[in-house]
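Coordinates in review
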Amino acid sequence: MTQSPEQDRVLIFDTTLRDGEQSPGATMSHDEKLEIAQLLDEMGVDIIEAGFPIASIGDFEAVRDIAKVVQNATVCGLARANATDIDRAWEAVREARSPRIHTFIGTSPTHRGITELDMDAMIECIHETVTHARNLCDNVQWSPMDATRTERDFLFRTVETAIKAGANTINIADTVGYTSPRESAELIRALRGHVPGADEIVFATHCHNDLGMATANALAAVEAGARQIECTINGLGERAGNTALEEVVMAIRTRNDIMPYRTGIDTRRIMQASRLVATVSGFPVQYNKAVVGKNAFAHESGIHQDGMLKNAETFEIMRPEDIGLNATNLVMGKHSGRAALNAKLRELGYELGANQLKDVFVRFKELADRKKEVYDDDLIALMTDSTTNTAHDYIKVGYLRVVCGTESPQSAELALIIDGEERRTEATGDGPVDATFNAVKALYPHDVRLQLYQVHAVTEGTDAQATVSVRLEDQGKIFTGQSADTDTVVASAKAYVNALNKLLSNRDRARAGAALQSAS
Ligand code: KIV
Ligand code: ZN
């Protein structure tokens, strides 16, 4: 099946769940991946790269389950250049309404050195693996990894081979973020001009942001004829990340006069996607991040505020509502009812079912009792907390009381509900947070490394909620937990337990995978 979009239609290929999740510490749970995939599908992403099925049983199951639930988008699984990987990717995506296999090999001299394939052997390998993928699936994408550092003539040969073997999409990967906008455009033009069969396929652009040029490089490639952009929400991804979905989509929309292209994205869902990905990955969005940063629409200086009041176009090239950011910051309080809360959450981009609303309303009332004014940011933090800390968690924080002050040691009395059973202990430590974490370790002994502990105030004032992120490392794998509370130590305990729950569920899946493999 050859995809030939209309001249001006640019396909959006989201790889948050694959390249994004590869960022150390961004590990997402199975259910979180499903939630993100459903949102990407609803917001109009054309292709969702759901994971790397051969990587682990968890990856395989996530891709398979995403393939089953996605309604509109093509669901894609990644595979290296060998039959075992490709078969596994196909097994994972085959039940999708529209499945795709994405196979790749490093074509640059450095990568050829690693695979120990000379040029002819690599051409043969590309022919065999793309043919194999095409025999399984009508929709095959092939990527020359590190394409931008590959010798031109050889790159042309590889792309020609992949097209002849049946690839429908050729993805030009700037794997280490090395290219520049001019070079990125020139490369796509050269490929389109020199490679036989190039007009039969879609060229994609896959840029990394090591030099801060991923968005510019992707848009330059589109101007030269690429019609698929590979990107992630919030630009999540290895090292400095990938091209950010929200940036390319809003650039095309805002500067349509000079970039006359179309995407299928409902831009009003952008903020919701950004918040969800920030929550589940544990990677907060930097304040001055383009489009989705907290300050992207904030006007601090007097001149700017004055101009904005007279005419919003003075300093705004996009409207906040275009990305799903409500213009108001109406304060809620303890007298606000459930309907008002629901309306407010909808405005913030959250659609809640009746049961979830009931649960969130209880938490909202508790918060409003402790905090006179509940702002939008408080509600976002509360939603983050109810996504990450749920009633089904294996370990839950039941009770916490700390003693702290100038006299040491500080101590914590903690109760955890572990698999439905309450356990209680007291521990001391170097400060209340250390004492609390020691109490968690005493109640549920485990051997992991605390890699990061971070606290942010959600709003101003001494009654502000704190969002806490905790990153735990277990044998090279990283798990991030988050929580929000007006009490920083309570938020810390919950964030630690959240990371621990993720780690335990990952161990369970790994164990189940090993058992499955030894049984087969
Ligand atoms: O950056 C890269 O080269 C990749 C490939 C798998 C396409 O992510
Ligand atoms: Zn990549």
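Residues numbered from 1 in each chain as written. Chains lettered and ligands numbered in written order. Predicted model: local features only at pLDDT ≥ 70, side-chain atom pairs only at ≥ 80, totals over all residues. Heavy atoms only, no water.

**What about the sheet that holds strand E14 (residues 477-485)?**
Stated formally: Here a strand pair is declared whenever DSSP counts at least two bridges between the two strands. Helix and strand assignments come from DSSP, with helices taken as H or I runs of at least 4 residues and strands as E runs of at least 2, each series counted from the N terminus. Note on method: axes are straight lines fitted to C-alpha atoms, helices fitted across the in-contact stretch only, with angles between N-to-C directions ranging 0 to 180 degrees.
Pairing within the open sheet is antiparallel, and its three strands lie in the order E12-E13-E14. Because the sheet does not close on itself, it has two edges, and the strands there are strand E12 (449-457) and E14. Put simply, the sheet's adjacent strands are angled 15 degrees from each other on average, direction ignored. Relative to strand E13 (residues 466-474), E12 runs antiparallel, the two sharing eight bridges. Bridge pairing in E13 places Arg449 opposite Glu473.

**A look at helix H10 (residues 245-254)**
Note the threshold: The buried label goes to any residue with under 20% of its type's maximum accessible area, the exposed label to any with over 50%, and the partly exposed label to all in between, with areas taken from a 1.4 Å probe on protein chains only. Two residues qualify as a contact provided that any one of their heavy atoms is within 4.5 Å of a heavy atom in the partner residue.
Within H10, eight of the 10 residues are buried, which leaves it mostly tucked inside the rest of the structure. Contacts from the buried residues of H10 go to strand E1 (11-14), helix H9 (214-223), strand E8 (228-231) and helix H11 (270-281).

**A few points about a nonpolar patch on the surface**
Applied cut-off: Here the term patch refers to residues with relative accessible area over 30% and no salt bridge, with like charges joined within 9 Å and nonpolar side chains (Val, Leu, Ile, Met, Phe, Trp, Tyr) within 5 Å. A 1.4 Å probe and the Shrake-Rupley method give the accessible areas. Residues count as covered only by the protein chains that appear here. Throughout this description, the term salt bridge denotes a Lys or Arg side-chain nitrogen within 4 Å of a carboxyl oxygen of Asp or Glu.
Nonpolar side chains collect at one region of the surface, where Leu450, Tyr453 and Val455 lie side by side and expose about 230 Å² of accessible area between them. Residue position: Tyr453 is located in strand E12.

**Here we look at empty space enclosed by the protein**
Rules: The way it works is a 1 Å grid over only the protein atoms, where trapped points that fit a 1.4 Å probe form a cavity and open points with protein on both sides within 12 Å along at least five of seven lines form a pocket, and then any residue with an atom within 4 Å of a point lines it. Grid points are joined across faces, edges and corners, and a volume is the space filled by probe spheres set on the points. Just so you know the grouping, Ala, Val, Leu, Ile, Met, Phe, Trp, Tyr, Cys and Pro go in nonpolar, Asp, Glu, Lys and Arg go in charged, and all remaining residues, Gly too, go in polar.
Considering all chains together, one arrives at one cavity of 30 Å³ or more under this definition. Counting residues per element, the ones that place at least two in the lining of the largest cavity are strand E6 (169-174), helix H8 (181-194) and strand E7 (202-207). Per-element accounting of the lining of the largest cavity gives the leading share, four residues, to E7. Residue classes in the lining of the largest cavity are distributed as seven nonpolar, five polar and one charged.

**A short note on the coordination of the zinc ion (ligand 2)**
How we decide: Sodium, potassium and calcium take a 3.2 Å donor cutoff, other metals 2.8 Å, and in both cases only N, O and S atoms count; water is not among them, so sites may look incomplete.
Around the zinc ion (ligand 2), the protein supplies Asp19 (OD), His206 (NE2) and His208 (NE2) as donor atoms, at distances of 2.0 to 2.2 Å. Each donor residue of the zinc ion (ligand 2) belongs to the same chain, with the gaps between them written as D-x186-H-x1-H. Just as His206 is buried, His208 falls in that class too.

**Topic: the sheet that holds strand E10 (residues 410-418)**
The strand order across the open sheet built from three strands is E9-E10-E11, with neighbouring strands paired in antiparallel fashion. A strand with exactly one partner marks an edge of an open sheet, and here the two such strands are strand E9 (395-403) and strand E11 (421-429). Looking at each pair of strands side by side, their axes are set apart by 20 degrees on average, direction ignored. Across eight bridges, E9 lies against E10 in antiparallel orientation. What sits directly across from Val402, in E10, is Ala412. In the packing of helix H16 (residues 432-443) onto the sheet, the strands contacted are E9, E10 and E11, and the crossing angle to E11 comes to about 135 degrees.

**Focus: the site of ligand 1**
What counts here: Any residue with a heavy atom positioned within 4 Å of a molecule or strand is treated as near that molecule or strand. Throughout this description, a polar contact denotes any pair of N or O atoms lying within 3.5 Å of each other; where both atoms belong to protein, one of them has to be capable of donating a hydrogen while the other can accept it, and for residues adjacent in sequence the pair is counted only when both atoms sit in side chains.
Within the structure, ligand 1 sits among Arg18, Asp19, His102, Phe104, Ser143, Met145, Asn171, Ala173, Thr175, His206 and His208. Separating an oxygen atom of ligand 1 from a side-chain N or O atom of Thr175 is a distance of 2.6 Å. Between an oxygen atom of ligand 1 and a side-chain N or O atom of His208, the distance comes to 3.0 Å. Protein contacts shield 95% of the accessible area of ligand 1, which totals 270 Å² for the unbound molecule. Contributions of two or more residues to the shell around ligand 1 are made by helix H1 (16-20), strand E4 (99-106), strand E5 (140-145) and E6. Grouping the constituent residues of the shell around ligand 1 by class yields three nonpolar, six polar and two charged.

**Things to note about helix H15 (residues 376-388)**
Definition in use: What a helix should span is 1.5 Å times the count of its residues minus one.
The end-to-end C-alpha distance of H15 is 18 Å, a good match for the 18 Å that 13 residues give at a rise of 1.5 Å each. Taking burial as the measure, the 13 residues of H15 include 11 buried ones, the bulk of the element. Within H15, the full set of buried residues consists of Asp376, Asp378, Leu379, Ile380, Ala381, Leu382, Met383, Thr384, Asp385, Ser386 and Thr388.

**Remarks on the side chain of Ser336**
With respect to the helices and strands, Ser336 occurs in the loop between helix H12 (302-310) and helix H13 (338-347). Assessed through its relative accessible area of 16%, Ser336 is described here as buried. In this structure Ser336 touches Phe361, Phe364 and Lys365, once residues within four positions along its chain are discounted.

**Points about the pairing of strand E2 (residues 47-51)**
The criterion, for reference: With its strands directed away from the observer, a crossover is right-handed exactly when the path from the first strand over the helix to the second travels clockwise.
Summarising burial for E2: five of the five residues are buried, a large majority. As judged from the four bridges shared by E2 and strand E3 (residues 74-80), these two strands associate in the parallel manner. Looking at E3, one finds that Ile48 is bridged to Val75. With helix H3 (residues 57-69) bridging E2 and its parallel neighbour E3, the resulting β-α-β unit is right-handed.

**Describing the domain arrangement of the protein chain**
Heads up, the rule is: Throughout, the edges of the domains are those of an automatic or database domain assignment. Here the quantity called buried area is the accessible surface, traced with a 1.4 Å probe, that two parts lose on coming together, added over both.
Here the domain parsing of the protein chain yields domain 1 (5-281), domain 2 (297-325), domain 3 (328-388) and domain 4 (395-511). Using C-alpha coordinates to define each centre, domain 1 is positioned 37 Å away from domain 4. Of all residues in domain 1, Gly25, Thr27 and Ile57 bury the most surface against domain 4, accounting for 45% of the area lost on that side. A salt bridge links Glu32 to Lys502; the nearest nitrogen and oxygen atoms lie 3.6 Å apart. Contributions of two or more residues to the side of domain 1 that touches domain 4 are made by helix H2 (30-42), H3 and H11. Here the side of domain 1 that touches domain 4 takes four residues from H11, the largest share from any one element. The class makeup of the residues in the side of domain 1 that touches domain 4 is four nonpolar, six polar and two charged.

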